[in-house]
Amino acid sequence: MHMIAIIGAGISGLSLGYYLKKSGFNAFKIYEKSGLLGGKIQSKLEEGYHLELGPNTFLTTSTLLKLIDDLGLNRSVIYPNIENTKNRFIGTDNQIIKLPGKQHQLLFNKILSFGSKLKIFNELKFKPVTVPKTQSVSTFFNNHFGEEVVDKLVKSFCRGIYGSDSDELMIHTCFPSLVGYQEKYGSIIKGMKRNKSLEKREVISLEGGLNTLCKA
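Numbering of residues starts from 1 in every chain and runs along the sequence as written. Local features in this predicted model are restricted to residues of pLDDT 70 or higher, and side-chain atom pairs are both shown and tallied only at a pLDDT of 80 or more, whereas totals for entire chains, interfaces and linings draw on every residue. Note: side-chain values were computed over all heavy atoms of the structure, leaving out hydrogens and water.

Caption draft 1: Geometry of the nonpolar core. Ranked by size, the top nonpolar core spans 25 residues in total, and within it Val137, Phe140, Phe141, Ile171, Phe175 and Leu178 carry the most contacts. Strands here are runs of E lasting at least two residues and helices are runs of H or I lasting at least four, both read from the DSSP assignment and numbered beginning at the N terminus. Listed by contribution, the elements that provide at least two residues to this core are helix H5 (137-145), helix H6 (147-162), helix H7 (171-174), helix H8 (176-185) and helix H9 (188-195). The dominant element in this core, judged by the number of residues it contributes, is H6, at five residues. Grouping buried Ala, Val, Leu, Ile, Met, Phe, Trp, Tyr and Cys residues that are joined through side-chain atoms within 4.5 Å yields what is termed a nonpolar core. Any residue under 20% of the maximum accessible area for its type is buried, any over 50% is exposed, and the rest in between are partly exposed; the area is computed with a 1.4 Å probe on protein chains only. Among the nonpolar cores identified, the runner-up in size contains 14 residues, and Ile68, Ile204, Leu206 and Leu213 belong to it.

Caption draft 2: Layout of the packing of aromatic side chains. Only centres within 6.5 Å qualify two rings of Phe, Tyr or Trp (six-membered ring in Trp) as a pair; their planes then separate them into stacked at under 30 degrees, edge-to-face at over 60, and tilted for everything else. Taken as a whole and judged by the stated rule, the model has seven aromatic pairs. An aromatic cluster of three or more residues is present, and its members are Phe140, Phe141, Phe145, Phe157, Tyr162 and Phe175.

Caption draft 3: Spatial organisation of the layout of surface pockets. Each pocket or cavity is described by its volume, and for the second largest pocket that value is around 750 Å³. At the level of elements, helix H1 (11-22), strand E5 (58-59), helix H2 (62-70), H6 and H7 are the ones that each hand at least two residues to the lining of the second largest pocket. A total of five residues in the lining of the second largest pocket trace back to one element, the largest contributor, which is H1. For the lining of the second largest pocket, a count of residues per class yields 14 nonpolar, 10 polar and three charged. Cavities and pockets are found on a 1 Å grid laid over the protein atoms alone: a cavity is a set of points where a 1.4 Å probe fits but cannot escape, a pocket is an open set with protein on both sides within 12 Å along at least five of seven lines, and a lining residue has an atom within 4 Å of such a point. Grid points are joined across faces, edges and corners, and a volume is the space filled by probe spheres set on the points. For this scheme, ten residues count as nonpolar: Ala, Val, Leu, Ile, Met, Phe, Trp, Tyr, Cys and Pro. Four count as charged, namely Asp, Glu, Lys and Arg, and the remainder, Gly too, count as polar.

Caption draft 4: Representation of a positive patch on the surface within the structure. Patch members must show over 30% relative accessible area and no salt bridge, and they are joined within 9 Å when carrying like charges or within 5 Å when they are nonpolar side chains of Val, Leu, Ile, Met, Phe, Trp or Tyr. Methods summary: accessible areas were calculated by the Shrake-Rupley approach with a probe of 1.4 Å, and residue burial reflects only the protein chains presented. Criterion for a salt bridge: a side-chain nitrogen of Lys or Arg within 4 Å of a carboxyl oxygen of Asp or Glu. Residues scored as charged are limited to Lys and Arg (positive) and Asp and Glu (negative), so that His and the chain ends carry no count. For this purpose, a charge sits on NZ of Lys, CZ of Arg, CG of Asp or CD of Glu. On the surface, Lys127, Lys184, Lys190, Lys193 and Arg194 cluster together into a positively charged patch. By residue number, the principal contributor to the positive patch is H9, which donates three residues. With respect to the helices and strands, the residue Lys193 is situated in helix H9. For Lys193, a relative accessible area of 64% gives the class exposed.

Caption draft 5: Looking closely at the environment of Gly91. Along the chain, the position of Gly91 falls in strand E7 (residues 89-92). The class for Gly91 is exposed, based on a relative accessible area of 59%. As a C-alpha pair, Gly91 and Ile68 span 23 residues in sequence and 33 Å in three-dimensional space.

Caption draft 6: Representation of the state of the cysteines within the structure. Any pair of cysteine sulfurs within 2.5 Å is marked as a disulfide. Per the stated rule, a full pass over the model turns up zero disulfides. Here Cys174 is not disulfide-linked; the sulfur of Cys158 is the nearest cysteine sulfur, at 6.2 Å.

Right under this line is the structure:
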């Protein structure tokens, strides 16, 4: 029997090992250079607070929820308080600025320059075009809204959800519905307005931090 080598003890490597073992296949080893379970998913308890050193929430999928159920972690799931999630802040230009609750309110917020707000209006003129399979999240949003939106908003969002830089993430994988909007409507603003949603997936955390899942 051949031995399978799994490179990396992040959530992908650990999940692969878990499901291999669950199927009765034990001839595998997981290799992790840092010696830490979870890869970029690292949680730390400091002065009574749980700090997330990588992504700070999970976007729910049926696969993730099934894994949590299989591992007996249902009682550890923390669902966000809707009122609290309205209070989101971003650090930029040596300031802490509260993010607006709705997308259109960005136009009346001081986070973005006048030039970037103008680009948001101009995005409505985009024509449908096919999105390359290897296009990054940064490139996609830069094409639609410009570099400032990517630097101040997109990169922060991607670090919070994926623990990765938007330059390294693929738009087809992370935001497939936005790809569909561009290819059907051209403007993703038009697509969002007509479909009344933007990736409506719930975010969750776990008691003890996200790394609880990796340890389980």
